[in-house]
Amino acid sequence: MYENYIALGELATEAIEKEDIRFQLRHKLVSNILGKENTVNSLFSLSLELGLLNQVGVEAKPERQPLYAFFHPTFQEYFSAFYITSKSDLAKNSQTVDWLTSYMYEHHWREIFLLVSEMLEDSSLLLSTMSKGLRLLVKDNSRIQNLLYKIEQKNALSQTIYLDPKKNESSIGPSSKTQATIRSFYCVNRFNYALTNGGSEDRESISRSTQVILKALAPTFSLDKVFATALGFENNSDINPEICIDHILTILLTLALDLYDKLSKKPDFAYTGLLTRVLESYLDDFIQNEILSIGLSTDLIHELEALRNELKDIPTNCDVNCQEWWTSQGKSWGDRLQGALITHRDIGSHIDFTKEDFVLLEKYFRGSALLVECLEKAKDLTVQKKGEIESSILRAD
């Protein structure tokens, strides 16, 4: 049985690694590894009989090879992980680990990495190599290093996500995990619409990856809860005020720039008055939040009050007048808010990312998310080793 599993694992890995149709297996590949069909003791025939493999079609080429697939992609991923952990010494053989980690940025290898991390008796070399690879990936990009440095500065000001660790599981454990969680929050916050100069497609892809990291590090952490707390809708005094302040100010700026952007494309946008009142209301609720206002500088409060008062003066009962105001003064209003955020909170300092930077960032965040998920699956790591790897997550080099 063990030998059969190894052969199926070799087939699964060979297809995932080298085939252009990774989850559909050509007849020639299957017979080369499992033996010819309809021969004595043929694992090929046995796999078909047991339903582990099924013919799913015929290749649309002159050879017209039959195509096979595992009963479910999960079977193929499991057999591949079993093969890799059984045939390779991933605890000591750095060459094999280097081979495996070269695929850590590929979507179709994700489940295999998670399974391997869980199966290994010693995953420290694999996870340390993944961490090192992530650092090397962005080491020479000064703009990305600048971003990570600024995030680390924000992390230094917010040493906790929750003020009472007994209330939330996500803040229990080594401080390295808490700090990695804070860094991931600021990555999520940084790639909000208002704080990036890339296209929406670039931002959305990166934003999804950063949110996976945050969710994996702190499953109970909710951005919606932070938003409600910042506006005084919920009295969650356990959430760090610094995080509430930075998140709500980013949301307010996003709403303002989004409204201005909509009007630049459609000058008669129908909900201009309604969204203006929403923005004014959110800004007022935030300023009036007595708990959070303690963490705001007097200059920032005065600037926010002035911006709020300007919105109050807009005649929102007539959409035309409101639309004219945003068309003529909306950009200036948004620029002032963004300037206040940069000056007083160091949120959204301009970094001129290129298209190539966004591609690299998406790859970096996707790999970081996988590393965090693998850390959660690995049960063999010492607290010290896990803390070392967590300390490297989303850190400037």
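Computed from a predicted model, the values in this text were never measured in an experiment.

Draft legend 1. Region of the structure containing the pattern of salt bridges. Taken as a whole and assessed by the stated rule, the structure comprises 19 salt bridges. Between Glu376 and Lys177 there is a salt bridge, and its shortest N-O distance comes to 3.6 Å. Of this pair, Glu376 sits in helix 17 (residues 355-377) while Lys177 sits in helix 9 (residues 175-190), and the two are 199 residues apart along the sequence. Classification of Glu376 as partly exposed rests on a relative accessible area of 30%. With a shortest N-O distance of 2.8 Å, Arg308 and Asp284 are connected by a salt bridge. With a gap of 24 residues between them, Arg308 in helix 15 (residues 298-312) and Asp284 in helix 13 (residues 272-288) connect regions that are remote in the sequence. When salt bridges that share partners are traced, they join Lys154, Glu242, Asp246 and Arg345 into one network.

Draft legend 2. Focus on the sheet that holds strand 3 (residues 66-70). The three strands are arranged 1-3-2 in an open sheet whose pairing can be described as antiparallel. Only two strands of the sheet have a single partner each, and these edge strands are strand 1 (25-26) and strand 2 (53-58). Examined bridge by bridge, strand 2 and strand 3 share five bridges and lie antiparallel to one another. Of the residues in strand 3, the one forming a bridge with Asn54 is Ala69. Along the sheet face, helix 1 (residues 2-18) touches strand 1, strand 2 and strand 3 and points at about 110° away from the line of strand 3.

Definitions and cut-offs
Residues numbered from 1 in each chain as written. Predicted model: local features only at pLDDT ≥ 70, side-chain atom pairs only at ≥ 80, totals over all residues. Heavy atoms only, no water. Salt bridge = Lys/Arg side-chain N within 4 Å of Asp/Glu carboxyl O. Helix = DSSP H or I, 4+ residues; strand = E, 2+ residues; numbered from the N terminus. Buried < 20%, exposed > 50% of the residue type's maximum accessible area, 1.4 Å probe, protein only. Pairing = 2+ DSSP bridges. Contact = heavy atoms within 4.5 Å. Axes fitted to C-alpha atoms, helices over the stretch in contact; angles between N-to-C directions.

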